[in-house]
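Reading the structure
Given next are the chains, with one letter for each unit.
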Amino acid sequence: MYSSTVLVPALIGVVSAISITPPLTKPSGSRVVPRNFVSFNIEAAFLHDYYNDFSNNLVRAVANRMSLPPIIRVGGTSGDEFLIDDSQSEVKVCVSGTCGSSSASYKLGPSYFEAFKGLTSATMSFQAPMGNPINIDRSLAYVTRAWNALGNDRLAAIALGNEPNFYDTQAQYIQDALTIQGRVISALGLTGTDATRFVAGEVDSGHVNTGTSYQV
Amino acid sequence: MTTLTSLPTNVFAISSDILAAGINNNGHIRSTAEHYYQVMDTSTVWSDDVLQSNKFSKNSRTIVRVG
């Protein structure tokens, strides 16, 4: 057994020493915590709000304390409903729904995608919009622009839509997910392990309670 | 408040359900996930003024998404 003495600051500022003896091998009932377990989600419509030095430094401060870059998930409800206008000067324009929230449809301009170049100490996943129903051309337009801005090296994953329990049916969700997956693989020319970077089935636990932490 | 006693048939119970339904027969899915929400109390606007002041209270609302 390895034994070590650590200094523990007490509330009143007094430092006292205690001895700890962590086991050298992993207990059989324990899980290995992924090195990038500390990661973050940004609602897709508001990604550009974090494209600044403050956010970059904040994430870097966390990343500097990790042995693997954190993952920024760019997704959510708004990520399924994007429109794109390459002639638009604004980052985004709300076109319907509850503007200013995740429950709205936003039209994106080219400057929106610049934000994928931020948070440079992290990798990112982004979402292939699946709407309800899906619009393949619109989804591909978002994915290709995000991928071009982010770069293959910083791509952690491409999520197929959002939380599947909000789509009409299981069969429709799976059909749409496989359709956009195939089109993305083809459009981006993904081969080998690059073609296995997809995430799907990110179930909203607001509707479920399985007691499991996550599934890989 | 309505308590959900059973899931509608069109709702995935857990992430593994979509795998069981065959979404990864082609092997391109690397992972699935469940989103856990921790909802706390109400929040003020996260302005520079607020962030740099003592206006935060124990009653701020934050949604933390994990997984």
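From a predicted model like this one, the values you see are computed outputs, not experimental measurements.

Before going further, it helps to examine the overall build of chain A. The number of helices and strands found in chain A is three helices and 10 strands. Listing the helices and strands of chain A from first to last along the sequence gives β-β-β-α-β-β-β-β-β-α-β-α-β. Split into buried and exposed, the 216 residues of chain A put 43% on the buried side. The contacts of chain A with a sequence gap of at least 6 include a subset with a gap of at least 24, amounting to 70%.

Let's shift gears to unusual backbone geometry. Its identity as a non-glycine residue notwithstanding, Leu119(A) has a phi of 45°, on the positive side. Along the chain, Leu119(A) turns up in the loop between β7 (104–108) and β8 (123–128).

Residues and elements named next belong to chain A. Note that Ser-105 resides in strand β7. Taking the relative accessible area as the measure of exposure, Ser-105 reaches 11% and is therefore buried. Leaving out residues up to four positions away in the same chain, Ser-105 has contacts with Glu-81, Leu-83, Val-93, Cys-94, Val-95 and Ser-96.

All names here are of chain A. This structure, assessed with the given rule, holds one cavity of 30 Å³ or more. Counted as a void, the largest cavity has a volume near 40 Å³. Lining the largest cavity we find Asp-80, Phe-82, Pro-129, Met-130, Gly-131, Pro-133, Ile-134, Asn-135, Arg-138 and Ser-139. Grouping the amino acids of the lining of the largest cavity by side-chain chemistry returns five nonpolar, three polar and two charged.

The subject of this paragraph is the pattern of salt bridges. All names here are of chain A. The final tally for this structure, using the stated rule, is five salt bridges over all chains. Salt-bridge contacts for Asp-85 lead to Lys-107; the nearest nitrogen and oxygen are separated by 3.9 Å. Within this pair, whereas Asp-85 is found in the loop between β5 (83–84) and β6 (92–97), its partner Lys-107 is found in strand β7, the two being separated by 22 residues in sequence. Residue classification places Lys-107 among the partly exposed positions, given a relative accessible area of 27%. Residue Lys-117 is joined to Glu-114 by a salt bridge in which the shortest nitrogen-to-oxygen separation is 3.3 Å. On the basis of relative accessibility, which here comes to 33%, the residue Glu-114 falls in the partly exposed class.

Strand pairs in the sheet, formed through backbone hydrogen bonds, run parallel or antiparallel to each other. Residues and elements named next belong to chain A. Read from one edge to the other, the open sheet built from three strands follows the order β5-β7-β6, with strand pairing classed as mixed. Of all strands in the sheet, those with a lone pairing partner are β5 and β6, marking the two edges. Two strands pair when backbone bridges link them, and β6 and β7 are joined in this way by five bridges, in the antiparallel orientation. Looking at the pairing, Lys-92 lines up with Leu-108 of β7.

Rules and cut-offs
Residues numbered from 1 in each chain as written. Chains lettered and ligands numbered in written order. Predicted model: local features only at pLDDT ≥ 70, side-chain atom pairs only at ≥ 80, totals over all residues. Heavy atoms only, no water. Helix = DSSP H or I, 4+ residues; strand = E, 2+ residues; numbered from the N terminus. Buried < 20%, exposed > 50% of the residue type's maximum accessible area, 1.4 Å probe, protein only. Contact = heavy atoms within 4.5 Å. 1 Å grid on protein atoms, 1.4 Å probe; cavity = no way out; pocket = protein on both sides within 12 Å on 5 of 7 lines; lining within 4 Å. Points joined across faces, edges and corners; volume = space filled by probe spheres on them. Nonpolar A, V, L, I, M, F, W, Y, C, P; charged D, E, K, R; others polar. Salt bridge = Lys/Arg side-chain N within 4 Å of Asp/Glu carboxyl O. Pairing = 2+ DSSP bridges.

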